[in-house]
Amino acid sequence: MTQTTPLEDFAGALRARLAAPDPDAALIAFRDAVLDAADLIGTQAETDQRGKSPIAGLAAVLLTRAFLRSGAPEAVAPFLSAFAVRWAKAPPPAALERTPWLAARVSGQRPLSDPEDALDYLRISYPYLEGVFIELAAARGDQAELVSRICAFASYRRQKNDARGQGPLAADIAERVEAERYGPFRYDPGFVLEKQLGTFRLGPLDGRLETVRAFEALALENALLSRQPARVLPLIDERLEAHLSGPIADGEHFVFNAICVLSVLGAFDRALDAARRLIRRGYGLPWRFLRDRSDRSARDWTREMGQDEWLAPLHALPAYDAFLAEYVLAPPSPPEGPALAPPCAVHDGVLGGKASKRCFISGKTVVPGTGIVRVRRLRGISAEIDFNLADKAAFEASDWQAARVALETCTMPVDWLFPDPRLQHGTWDSPHVAAFCFDVARAPEKLDIQRAVDLLAAFEPPPMRFLWTPQRYQWREPFAPCAGDDMHGDAARLAWRLVRTGHGAEMLRRASALPRTEGDKLVALLATFDIPDLRAGAARHFGLPDLPEIMHLVFASRLTFEDHLRLADYGSAHPRFRAAMVAAMRAYGVHLYSNSHVTVDWFLQGLEHYAYAHGCQLLFFLIHHPHEDPVLAKVLETGWLPRNHNTYDGYDNAAPFYLRAAMFHIALHQPDALDVWVDSARLRDISTMAKDRETFRLMEAHRKKKAGRRKTGT
């Protein structure tokens with residue numbers, strides 16, 4: 001008689017229950033055995049991340065769907081919580097000693113004693129378990145949960161770790177006809193689409209949210225992949241125009257997928273119109289429209305997505321070839337030089353050190369002690385990270401010298417700073433800024449400065465995401481992230497281009513003619529530029545002759561205690577200017593410092609003083625009025641600090657300046673509470689930057705000075 005293993009015995013019992021006359025009841029009666037299966041060790045050929053057998057995870061899904069099919073959804077959560085805790089336990093030492101491969105697999109894994117942690121890890125290991133949570137949310141009619149769960153499930157849609165790929169025992173059961181009613185055991189576009197359409201029927205969604213826009217784009221993708229494109233046509237009718245005309249971009253997958261749906265359904269004119277408008281809005285993946293793509297990874301990805309099939313009807317049209325020629329295919333590039341990569345920062349110097357360098361103009365060697373010119377060039381949207389070094393004599397004898405004069409005198413040719421978008425590197429984050437630059441690139445002589453001023457004055461992106469840190473290793477999300485919350489920096493980049501092409505004075509004049517709230521906001525942005533004419537114009541606009549001096553001070557590298565007080569008093573004494581600066585902070589992010597989602601580009605000459613987070617010091621204008629910035633108000637209320645949200649580090653880098661502004665407010669307005677802040681172990685534990693230590697030293701010196709005055713009676 002052939003001896004079987006516990007795994008094989010469990011698999012046989014599971015198959016028998018699926019074949020029972022009432023499989024739902026049979027599976028529910030099998031509950032305790034499924035819980036015990038969470039302890040089953042996998043084989044070397046068939047094991048999951050915790051060293052357990054994948055058939056246990058599959059059995060858990062079968063049982064939970066039996067609960068749902070039997071009208072007992074309330075039984076799902078307790079069962080899964082109990083199962084996850086047992087599943088997450090490490091294999092016993094004896095098993096690890098017998099099987100070195102198992103010990104290697106689970107070594108270094110942290111223990112998961114918390115039920116929520118264990119359940120999260122179980123969902124990661126068995127992504128098709130998300131289908132159960134989706135059905136639970138659908139049964140409750142919980143629209144927000146449905147959006148969140150479906151988007152989470154979609155993140156696994158290109159992975160191959162479904163039940164059929166987790167070993168022969170699990171695959172044998174998942175592929176049985178009797179098991180179909182308990183599926184899907186993978187990401188199934190048709191199943192997800194059905195749940196999405198039900199979600200839409202629950203009511204309108206907030207189209208500002210990043211997850212909602214991803215959810216909408218996913219619905220179109222699922223409709224295409226499941227061969228049901230007509231079912232999402234009402235969604236396209238409802239939402240396409242909002243995506244094509246709104247001020248927010250999110251990768252624009254909804255629009256591209258809509259073009260594919262319209263192509264499949266034969267709505268060619270509408271599809272081509274959307275394609276033209278999409279490119280004009282700065283679509284970052286224009287190569288997706290090409291039939292022949294040279295990049296293999298792009299070919300593989302688009303083949304997997306099926307887009308060539310969906311766009312094939314459009315590809316056959318002569319009008320599509322005209323679209324590619326006009327909007328996608330790059331024209332001949334200008335020769336290497338200022339017209340192709342114009343200078344955006346130029347500085348004289350002397351080559352130091354011991355090593356020789358090569359001149360980027362002549363190609364000749366430059367030895368230490370030689371006069372040089374450092375040039376940073378603009379490549380499309382972004383400036384080069386490094387400076388190019390040139391021998392000073394070679395630089396002055398080249399056309400780069402005239403380009404430098406044009407930069408410094410704000411007389412640069414428009415077509416240098418607004419190049420053909422088909423040639424440029426990178427894309428704008430703001431679709432309205434992208435559309436403006438697209439139009440200027442096509443007709444530089446028709447640059448509409450009033451349109452630019454109106455655009456910048458109305459610029460109002462969603463707030464940049466961040467997390468609160470009450471204590472170290474604790475985070476709280478203050479609001480759901482919005483799409484387009486990374487586009488604050490486009491305003492300063494566009495304004496810089498307009499200034500350098502000679503439109504600075506006209507911008508100031510036209511901004512002054514706008515309604516005060518909008519005009520003041522734009523002038524406040526221009527006042528931060530280190531360009532004397534702009535600061536003088538801003539001083540006239542606000543009626544503050546000393547504004548240029550104050551703007552120089554607020555960006556200083558080292559501020560004394562008295563400097564902070566001067567900035568605080570200046571902001572308090574001039575409420576109109578303070579309100580304008582608050583509006584500029586909100587719209588343009590001038591008080592934030594991000595390396596991955598740049599707000600003000602400190603690589604551009606005239607904005608280089610924003611480097612090293614000096615723009616964050618604009619917060620000091622609010623020391624007497626912290627309630628005017630909601631984040632600063634919350635810091636004072638709770639003692640929490642803002643931190644990065646994944647790659648969104650703008651508030652994380654600004655946190656030391658929020659702390660300093662808050663502590664100055666405490667010192668000046670709530671002196672009895674200063675000791676609590678200065679001596680707070682929790683606050684010092686989450687404030688670990690050099691700027692934070694400097695803040696504590698300033699406060700300690702201030703406290704000591706005040707104590708000395710009390711002793712002497714002064």
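Here is what the cut-offs are and how they apply
Residues numbered from 1 in each chain as written. Predicted model: local features only at pLDDT ≥ 70, side-chain atom pairs only at ≥ 80, totals over all residues. Heavy atoms only, no water. Helix = DSSP H or I, 4+ residues; strand = E, 2+ residues; numbered from the N terminus. Buried < 20%, exposed > 50% of the residue type's maximum accessible area, 1.4 Å probe, protein only. Contact = heavy atoms within 4.5 Å. Areas by Shrake-Rupley, 256 points an atom, 1.4 Å probe, with all protein chains shown as cover. Lys, Arg positive; Asp, Glu negative; His and termini not counted. Charge placed at Lys NZ, Arg CZ, Asp CG, Glu CD. Core = buried A, V, L, I, M, F, W, Y, C linked by side-chain atoms within 4.5 Å. Polar contact = N/O pair within 3.5 Å; in protein donor to acceptor, adjacent residues only side chain to side chain. Axes fitted to C-alpha atoms, helices over the stretch in contact; angles between N-to-C directions. Parallel < 35°, antiparallel > 145°, perpendicular 65-115°, else oblique. Left-handed = near helix turned anticlockwise from the far one by under 90°. Nonpolar A, V, L, I, M, F, W, Y, C, P; charged D, E, K, R; others polar. Salt bridge = Lys/Arg side-chain N within 4 Å of Asp/Glu carboxyl O. Phe/Tyr/Trp six-rings, centres within 6.5 Å; stacked < 30°, edge-to-face > 60°. Lys NZ or Arg CZ within 6 Å of the ring centre and 35° of its normal. Expected span 1.5 Å × (residues − 1). Disulfide = S-S within 2.5 Å.

Asks: Would you explain the overall build of the chain in this entry?
Replies: Within the chain one finds 35 helices and 8 strands. Expressed along its principal axes, the backbone C-alpha trace of the chain runs to roughly 95 × 85 × 60 Å. A burial count over the chain gives 53% of its 714 residues as buried. In the chain, once contacts between residues fewer than 6 apart in sequence are set aside, the share between residues at least 24 apart is 70%. For the chain, the exposed area adds up to about 31,100 Å²; of that, 53% sits on carbon and sulfur atoms. Side-chain charges in the chain split into 86 positive and 89 negative, and the spacing between the mean points of these groups amounts to 4 Å.

Asks: I tried to follow unusual backbone geometry on my own but got confused; where do I start?
Replies: Among all residues save glycine, negative phi is the norm, and among peptide bonds the norm is trans. Of the consecutive residues Gly-183 and Pro-184, the connecting peptide bond is found in the cis state with omega at 5°. Phi angles above zero are rare outside glycine, and Glu-252 is one such case at about 60°. Looking at the element boundaries, Glu-252 is found in the loop between helix H14 (233-245) and helix H15 (253-264). Assessed through its relative accessible area of 4%, Glu-252 is described here as buried. A positive phi angle, near 55°, is found at Asn-646, a position not held by glycine. Secondary-structure assignment places Asn-646 in the loop between strand E8 (641-643) and helix H32 (650-669).

Asks: It is not clear to me how the nonpolar core should be interpreted in this structure. Could you clarify?
Replies: A general trend in soluble globular proteins is that nonpolar side chains are found buried together. In this structure, Phe-418, Phe-436, Leu-498, Phe-529, Leu-547, Leu-618 and Phe-621 are the most contacted members of the largest nonpolar core, which totals 131 residues. In this view, Phe-621 contacts Ile-550, Met-551, Val-554, Leu-567, Ala-568, Tyr-570, Gly-571, Ser-572, Phe-577, Arg-578 and Met-581; residues no more than four positions away in its chain are not counted.

Asks: What should I look at first to understand the side chain of Arg-465 in this one?
Replies: Relative to the elements of secondary structure, Arg-465 occurs in the loop between helix H24 (449-458) and strand E7 (467-469). Within the local environment of Arg-465, its side chain forms a polar contact with the side chain of Glu-210, the two groups lying 2.9 Å apart. Here the side chain of Arg-465 touches Cys-482 through a polar contact of 3.4 Å, landing on its backbone oxygen. If we skip the residues at most four places from it in the chain, Arg-465 touches Glu-210, Phe-479, Pro-481, Cys-482, Asp-485, His-645, Tyr-648 and Tyr-651.

Asks: How should the packing of H14 against helix H16 (residues 268-280) be read in this particular structure?
Replies: Two quantities define a packed helix pair, namely the angle between the axes and the distance from one axis to the other. Viewed as axis vectors pointing N to C, H14 and H16 meet at an angle of 30°, and their least axial separation amounts to 11 Å. Of the possible angle classes, the one that applies to H14 and H16 is roughly parallel. As for how H14 packs across H16, the hand of that crossing is left-handed. For the pair H14 and H16, the contacting residues are Leu-233, Ile-236, Asp-237, Leu-240, Glu-241, Leu-244 and Ser-245 in the first and Arg-270, Ala-274, Arg-277 and Leu-278 in the second. Across the contact of H14 with H16, the residue classes tally to 6 nonpolar, 1 polar and 4 charged.

Asks: Please explain the environment of Val-440 as it appears in this structure.
Replies: With respect to the secondary-structure elements, Val-440 resides in helix H23 (residues 431-442). The sequence separation of Val-440 and Leu-417 amounts to 23 residues, and the corresponding C-alpha distance is 9.8 Å.

Asks: Can you help me understand the pattern of salt bridges in this one?
Replies: Counting across every chain of the model gives 55 salt bridges. Where Arg-493 meets Asp-429, a salt bridge forms, and the shortest distance between an N and an O atom there is 4.0 Å. Of this pair, Arg-493 sits in helix H25 (residues 489-512) while Asp-429 sits in the loop between helix H22 (414-417) and H23; the two residues are 64 residues apart in sequence, bridging distant segments of the chain. Since its relative accessible area comes to 27%, Asp-429 is described here as partly exposed. Here Asp-520 ties to Arg-576 by a salt bridge, and the two come within 2.8 Å at their closest N and O atoms. Placement of Asp-520 in helix H26 (residues 516-527) and of Arg-576 in helix H30 (residues 575-588) is noted, with a sequence separation of 56 residues between them. Given a relative accessible area of 4%, Asp-520 falls into the buried group. By relative accessible area, which is 28% here, Arg-576 ends up partly exposed.

Asks: Got a minute to help me understand the packing of aromatic side chains in this structure?
Replies: Here the distance between the centres and the angle between the planes together describe a pair of aromatic rings. Taken as a whole and assessed by the stated rule, the structure comprises 33 aromatic pairs. Aromatic pair Tyr-126 and Tyr-128: ring centres 6.2 Å apart, planes at 80°, arrangement edge-to-face. Taken together, the ring pairs connect Phe-256, Tyr-283, Phe-289, Tyr-320, Phe-323, Tyr-327 and Phe-438 into an aromatic cluster. The positively charged end of Arg-123 is found above the aromatic ring belonging to Phe-133, 5.4 Å away from the centroid. Note that Arg-442 overlies the ring of Tyr-327, its terminal NZ or CZ placed 4.7 Å from the centroid.

Asks: So what exactly am I meant to see when it comes to H15 here?
Replies: Since the α-helix turns once every 3.6 residues, residues separated by three or four places project in the same direction. Its 12 residues give H15 an end-to-end C-alpha distance of 17 Å, which sits within 8% of 16 Å, the value for a rise of 1.5 Å per residue. For H15, the buried fraction is high: 10 of the 12 residues fall into the buried class. What H15 keeps buried is the set Phe-254, Val-255, Phe-256, Asn-257, Ala-258, Ile-259, Cys-260, Val-261, Leu-262 and Ser-263. For H15, the secondary structure elements touched by its buried residues are helix H13 (210-225), H14, H16 and helix H18 (307-315).

Asks: For this particular structure, what's the right way to read H26?
Replies: If you check H26, its first and last C-alpha atoms are 16 Å apart, about what 12 residues at 1.5 Å a residue would give, namely 16 Å. Along H26, 9 of the 12 residues are buried, which leaves the element largely enclosed by surrounding structure. Buried residues in H26 make contact with H24, H25, helix H27 (532-542), helix H28 (547-554) and H30.

Asks: Sorry, what's going on with the state of the cysteines here?
Replies: Where two cysteines share a covalent bond between their sulfur atoms, that bond is called a disulfide. What the rule picks out here adds up to 0 disulfides. Free cysteine: Cys-344, not disulfide-bonded; nearest cysteine sulfur from Cys-410 at 14 Å. By relative accessible area, Cys-344 is classed as buried at 0%.

Nothing here speaks to function; it is all geometry.
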